[in-house]
2 protein chains.
Amino acid sequence: MAAPLSGPEIERLVQLLSRLPGLGPRSARRAALVLIKKKETLLQPLAAALEEAGRVIKVCGTCGNLDTSEPCGVCADPRRDASLMCVVEDVADLWALERAAVFRGRYHVLGGTLSALDGRGPDQLNFGALVERVKAGGVREVVLGLNATVEGQTTAHYVMDLISPLGVAVTRLAHGVPVGGELDYLDEGTLAAAFAARRAM
Amino acid sequence: MAAPLSGPEIERLVQLLSRLPGLGPRSARRAALVLIKKKETLLQPLAAALEEAGRVIKVCGTCGNLDTSEPCGVCADPRRDASLMCVVEDVADLWALERAAVFRGRYHVLGGTLSALDGRGPDQLNFGALVERVKAGGVREVVLGLNATVEGQTTAHYVMDLISPLGVAVTRLAHGVPVGGELDYLDEGTLAAAFAARRAM
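**Regarding the sheet that holds strand β4 (residues 106-109) of chain B**
Residues and elements named next belong to chain B.
So, point 1. Strand order in the open sheet made by the four strands is β4-β3-β5-β6, with parallel pairing throughout. The strands lining the two open edges of the sheet, one partner per strand, are β4 and β6 (169-172). In this sheet, adjacent strand axes meet at a mean angle of 25 degrees when their direction is disregarded.
So, point 2. Relative to β4, strand β3 (residues 84-88) runs parallel, the two sharing four bridges. Of the residues in β4, the one forming a bridge with Met85 is Arg106.
So, point 3. Lying over the sheet, helix α5 (residues 91-100) contacts β3 and β4, oriented at roughly 155 degrees with respect to β4.

Here you go:
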C-alpha cells in the first residue's frame with residue numbers, strides 16, 4: 001500500500017496517524033490529505049497543540065490523572081471530599097465520571113486491569129500507591145468504578161482483598177438496565193442483575 | 001461533553017483531532033489520551049511529522065498533485081508518457097491509481113466535482129488549466145478517472161464537452177463487476193453496465 005510519489009514526509013505522517021485508535025491505514029491517508037489541504041486551519045494548529053500538550057501535561061503523582069498541574073485539579077481541589085475515593089482503570093474512565101458530574105470525591109487510576117491473557121499482573125498496576133493512600137487515613141469509602149468486564153471484575157476482587165483488611169467501606173457501581181436502554185437488547189447477565197437488585201417504587 | 005479537569009490544552013487537542021475524517025468526539029478523546037500516554041514514541045514524532053509535512057509539501061502547479069518537489073514527481077518523471085493524461089477528482093484518487101500501478105501517463109487533479117447541491121460550479125474547479133494543458137499540445141488521450149457517482153459523471157460530461165472540440169481522444173474507466181465482487185451484492189446499474197459491456201472469452 002505504498003504511495004511512492006508522495007514522498008517520505010507524507011508516508012511518515014500516514015504511518016503515525018494510523019497508530020491512533022480508530023484510524024486504519026486508509027482513513028489515516030484520508031486524514032493526512034485533509035491535514036495537508038487545511039494547512040493553516042488544521043495542520044499547523046494540531047502540530048502546535050500536540051507540542052504544547054506534550055510539554056505541559058503531566059501524570060498526577062497522587063492519583064494518576066493527567067493534568068497540567070501537579071497534583072492534578074481534582075487532588076488539589078479543597079471542595080472535593082477526601083474521604084471518598086473512586087478507583088478507575090484508566091484516565092478515560094475518570095473523565096467519563098467527571099463529565100457525568102456524579103462523584104465529588106477523589107480518584108485513583110490503576111492504569112489498566114489484571115489480565116492473565118495479556119500478561120498484566122499486579123506489579124504493572126498502581127496498587128501499591130492505592131494501599132498507601134488508604135493506609136495514610138482519611139479515606140472512609142472506596143468506590144470501585146471498574147468496568148463490568150471479566151478483567152474489570154477480576155481487578156475489583158483483587159482491590160477488595162487488598163483494601164477490606166484496612167477497615168474502610170468498599171462499594172462498587174450498581175449493575176442494571178442502562179438509562180434509555182431497552183430490555184429486548186440486554187444480555188441475560190444484565191437482566192438478572194437488574195432483577196436481583198430491584199427496588200420499591 | 002466538557003472534561004473540565006483536563007485543562008484547555010487537552011480540550012484543544014481533542015477538538016482538533018475530532019475534525020479529522022474518521023474521528024468523532026469520543027474517538028478523538030481516546031486518540032488524545034493515547035497520544036499523551038505515548039509522549040516519546042507517538043506524540044512528539046507526530047508533532048514533528050506534521051510540522052515537517054506542513055513545511056515541505058506543496059501543490060504541484062502543473063497537475064495539482066501534492067509533493068515535496070515542484071513540479072511533482074509524476075510531472076517531472078521523463079519515463080512517464082506525456083501523451084496520456086488522467087483527470088481525477090482528488091489527490092486521493094491519484095494515489096489510489098498510483099498504488100494500483102496501472103497508469104504510466106500524467107494526471108490532472110480537478111479538486112472536486114461539480115455539484116449543484118453543494119454550490120460547486122465550474123469556477124471552483126481546475127478546468128481552465130486542464131484546457132490549457134491540452135491546448136498546449138502533446139496530449140493524445142484524456143482518460144476520465146472520475147468516480148462513478150452522479151457528481152463524478154456530471155463532471156465527466158462537462159470535461160468531455162470542454163475537451164472533445166480540441167481534437168484529442170477522451171475515454172473513461174470501464175464500468176463492471178469489481179474483481180472479487182459477488183453478483184448477488186451488486187446494484188442493478190453495475191450489473192446492467194457489466195452486461196452491456198460483456199466481452200468474448
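**Some details on the pairing of strand β3 (residues 81-88) of chain A**
All names here are of chain A.
So, point 1. Taking burial as the measure, the eight residues of β3 include six buried ones, the bulk of the element.
So, point 2. In terms of strand pairing, β3 meets strand β4 (residues 105-109) through five bridges, oriented parallel. Pairing of Cys86 across the sheet is with Tyr107, part of β4.
So, point 3. At this point the chain moves from β3, through helix α5 (residues 91-100), to the parallel β4, and the crossover so formed is right-handed.
So, point 4. Relative to strand β5 (residues 141-144), β3 runs parallel, the two sharing four bridges. When the bridges of β5 are listed, Met85 appears paired with Val142.

**What about α5 of chain A?**
So, point 1. Buried residues of α5 of chain A: Val91, Asp93, Leu94, Trp95, Leu97 and Glu98 of chain A, and no others.
So, point 2. Where α5 of chain A is buried, its residues touch β2 (66-67), β3 and β4 of chain A together with α1 (7-17) and α2 (25-37) of chain B.

**Side note on the interface of chain B and chain A**
So, point 1. Contact residues are listed per partner, giving 52 residues for chain B and 52 residues for chain A.
So, point 2. Note on chain B versus chain A: buried area summed over both sides is about 5200 Å², and carbon and sulfur give 74% of it.
So, point 3. Taken together, the connections running from chain B to chain A amount to two salt bridges.
So, point 4. For Lys37 of chain B, the salt bridge is made with Asp90 of chain A, and the minimal N-O distance between the two is 2.8 Å.

**Description of the sheet that holds strand β6 (residues 169-172) of chain A**
Residue and element names in this part refer to chain A.
So, point 1. Ordered in space as β4-β3-β5-β6, the four strands form an open sheet in which the pairing is parallel. This sheet does not close on itself; its edge strands, each paired only once, are β4 and β6. Strand-to-strand twist across the sheet, computed as the mean angle between neighbouring axes with direction ignored, equals 25 degrees.
So, point 2. Docked against the sheet, α5 engages β3 and β4, running at close to 160 degrees with respect to β4.
So, point 3. Set on the sheet, helix α6 (residues 127-135) makes contact with β3, β4 and β5; between it and β4 the angle comes to about 150 degrees.

**Details of the pattern of salt bridges**
Pairing is possible between side chains of opposite charge, provided their charged atoms come close.
All names here are of chain A.
So, point 1. With the rule as written, the count across this model stands at twelve salt bridges over all chains.
So, point 2. In this structure, Asp77 engages Arg79 in a salt bridge whose closest nitrogen and oxygen atoms are separated by 3.1 Å.
So, point 3. By relative accessible area, Asp77 is classed as buried at 11%.
So, point 4. Of the charged contacts in the structure, one is a salt bridge between Glu98 and Arg80, with a shortest N-O distance of 2.7 Å. Taken together, the residues span a long stretch of sequence, with Glu98 in helix α5 and Arg80 in the loop between α4 (73-76) and β3 at a distance of 18 residues. We note that Glu98, like Arg80, is buried.

**Points about the relation of the copies chain B and chain A**
So, point 1. For the pair chain B and chain A, the superposition axis carries a translation of 0.0 Å, the fit reaches an RMSD of 0.1 Å, and the rotation angle comes to 180 degrees. Here the two chains are linked by the operation of a two-fold rotation axis. Distance from the rotation axis, computed per C-alpha, reaches its smallest value in chain B at Ala47 of chain B: 2.4 Å.
So, point 2. A high fraction, 100%, of the interface residues of chain B reappear at the interface in chain A, so the copies pair face to face through one surface.

**Remarks on the packing of aromatic side chains**
Residue and element names in this part refer to chain A.
So, point 1. Overall, the coordinates contain four aromatic pairs over all chains when judged by the stated rule.
So, point 2. Judged by centre distance (4.8 Å) and plane angle (45 degrees), the rings of Phe127 and Tyr158 are tilted. Of this pair, Phe127 sits in helix α6 while Tyr158 sits in helix α7 (residues 150-163), and the two are 31 residues apart along the sequence.

The rules behind each value
Along each chain, residues carry numbers from 1 onward, in the same order as the chain's sequence is written. Each chain gets a letter, beginning with A, and each ligand a number, beginning with 1, in the order they are written. Per-residue local features are limited, in this predicted model, to residues with pLDDT of at least 70; the limit for side-chain atom pairs, both in listing and counting, is 80 or more; totals at the level of whole chains, interfaces and linings are taken over all residues. Hydrogens and water molecules were not included; the side-chain quantities draw on all heavy atoms of the structure. Two strands are counted as paired when DSSP detects at least two bridges linking them. Segments assigned H or I by DSSP are reported as helices when at least four residues long, segments assigned E as strands when at least two residues long, and all are numbered from the N terminus. Lines are fitted to the C-alpha atoms to define the axes, a helix being fitted only along its stretch in contact, and any angle between axes, read from their N-to-C directions, falls within 0 to 180 degrees. Throughout, a contact is declared for two residues whenever any of their heavy atoms are within 4.5 Å. For each residue, the accessible area found with a 1.4 Å probe, counting protein chains only, is set against the maximum for its type, and the residue is called buried under 20%, exposed over 50%, and partly exposed in between. Orient the strands so they point away from the viewer, and a crossover whose first-strand-to-second-strand path over the helix runs clockwise is right-handed. Here the buried area means the combined drop in accessible surface, using a 1.4 Å probe, for two parts upon being joined, counting both sides. Whenever Lys or Arg places a side-chain nitrogen within 4 Å of a carboxyl oxygen from Asp or Glu, that contact is recorded as a salt bridge. We superpose the copies by least squares over the C-alpha atoms of residues that have a pLDDT of at least 70 in both of them. Under the pairing criterion, centres of Phe, Tyr and Trp rings, with the six-membered ring standing for Trp, must be within 6.5 Å; the plane angle then separates stacked pairs below 30 degrees from edge-to-face pairs above 60, leaving the rest tilted.

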